[in-house]
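An overview of the molecular structure
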Amino acid sequence: MAARVLENTFHVDAAPEEVFAHLTTPDSYIGLSPLVVAVRDVDRSEPGVVRYVSVERFRFLGLKYDNPIAVTLLTERTAGRLSVRGEVRSPGGVRMGYRFDMSPEAGGTRVDDRLDLSAPWLVMGFAAGQARKVQLARARILAERLSARSAHGS
């Protein structure tokens, strides 16, 4: 197995609680993560834990492949910081731990996004490349979504 850490820090023009609420709602990930096309089987039966199946769609050589992945999302509230963390287990031995730490910054929220990726060495390059693309797109899309919401007072 190979391992890689991917980090990204960005700003969102919305309050930390609003960013936290968005990132703890599974349906928010549809379109937020460009590969996610559906969310199903959401389970909120345990306090502070959300389990669900996220469906990622890949296209390769003109073919479409829907990859269902089990997601566990955990929430934390500590002094001055909100966190969403969890892990994703995907077929093919790809595992990804993720963590979003949110803290107040300049009238909005600083988001520290960390991905801990492990995969068989044969697929690590592809998995890391896809994860990085999604990580950077997610930052842009989240900032656009929530900044637009805040600007319109909703």
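A brief structural summary. Because the structure is a prediction, the values reported are computed rather than measured.

**Focus on the overall build of the protein**
When helices and strands are counted, the protein shows two helices and seven strands. Scanning the protein from its N terminus toward the C terminus, one meets helices and strands in the order β-α-β-β-β-β-β-β-α. Taken against the 2.2 N^0.38 rule, which gives 15 Å for 154 residues, the C-alpha radius of gyration of the protein at 16 Å falls within 12% of a compact globule. Along the first, second and third principal axes, the C-alpha set of the protein runs to 45 × 35 × 25 Å. Looking at the protein as a whole, 42% of its 154 residues are labelled buried. A fraction of 48% describes how many contacts in the protein between residues 6 or more apart in sequence connect residues 24 or more apart. Accessible surface, the protein: about 8,200 Å² in total, of which carbon and sulfur atoms supply 56%.

**Some thoughts on unusual backbone geometry**
Here Asp41, not a glycine, exhibits a phi torsion of approximately 55 degrees, which is positive. Topologically, Asp41 is positioned in strand 2 (residues 36-43). Judged by its relative accessible area of 57%, Asp41 falls in the exposed class. Here the phi dihedral of Ala106 falls at roughly 45 degrees; this positive angle occurs in a residue that is not glycine. The residue Ala106 is located in the loop between strand 6 (94-105) and strand 7 (108-119) in this model.

**Let's talk about a nonpolar patch on the surface**
On the surface, Trp121, Leu122 and Val123 cluster together into a nonpolar patch covering about 380 Å² of accessible area. Relative to the elements of secondary structure, Val123 occurs in helix 2 (residues 121-151).

**Digging into helix 1 (residues 16-23)**
Among all positions in helix 1, only Pro16, Val19, Phe20, His22 and Leu23 are buried. Seen from one end, helix 1 has its buried residues packed into an arc of 160 degrees, which puts them on one side.

**Here's the deal with the packing of aromatic side chains**
Inspection of the entire model under this criterion finds two aromatic pairs. Between Phe58 and Phe126, the aromatic rings sit 6.2 Å apart at their centres with planes inclined by 50 degrees, giving tilted as the arrangement. Note that Phe58 is positioned in strand 3 (residues 49-60) and Phe126 in helix 2, a separation of 68 residues in sequence. For Phe58, a relative accessible area of 18% puts it in the buried group. Phe126 gets classed as exposed once you look at its relative accessible area, which sits at 52%. Both rings, one in Tyr98 and one in Phe100, keep their centres 5.9 Å apart while their planes meet at 50 degrees; by these two values the pair is tilted. The two residues Tyr98 and Phe100 agree in class, both being buried.

Cut-offs and rules
Residues numbered from 1 in each chain as written. Predicted model: local features only at pLDDT ≥ 70, side-chain atom pairs only at ≥ 80, totals over all residues. Heavy atoms only, no water. Helix = DSSP H or I, 4+ residues; strand = E, 2+ residues; numbered from the N terminus. Rg over C-alpha atoms; globule rule 2.2 N^0.38 Å. Buried < 20%, exposed > 50% of the residue type's maximum accessible area, 1.4 Å probe, protein only. Contact = heavy atoms within 4.5 Å. Areas by Shrake-Rupley, 256 points an atom, 1.4 Å probe, with all protein chains shown as cover. Patch = residues over 30% accessible without salt bridge, like charges linked within 9 Å, V, L, I, M, F, W, Y side chains within 5 Å. Salt bridge = Lys/Arg side-chain N within 4 Å of Asp/Glu carboxyl O. Arc of directions from axis to C-beta. Phe/Tyr/Trp six-rings, centres within 6.5 Å; stacked < 30°, edge-to-face > 60°.

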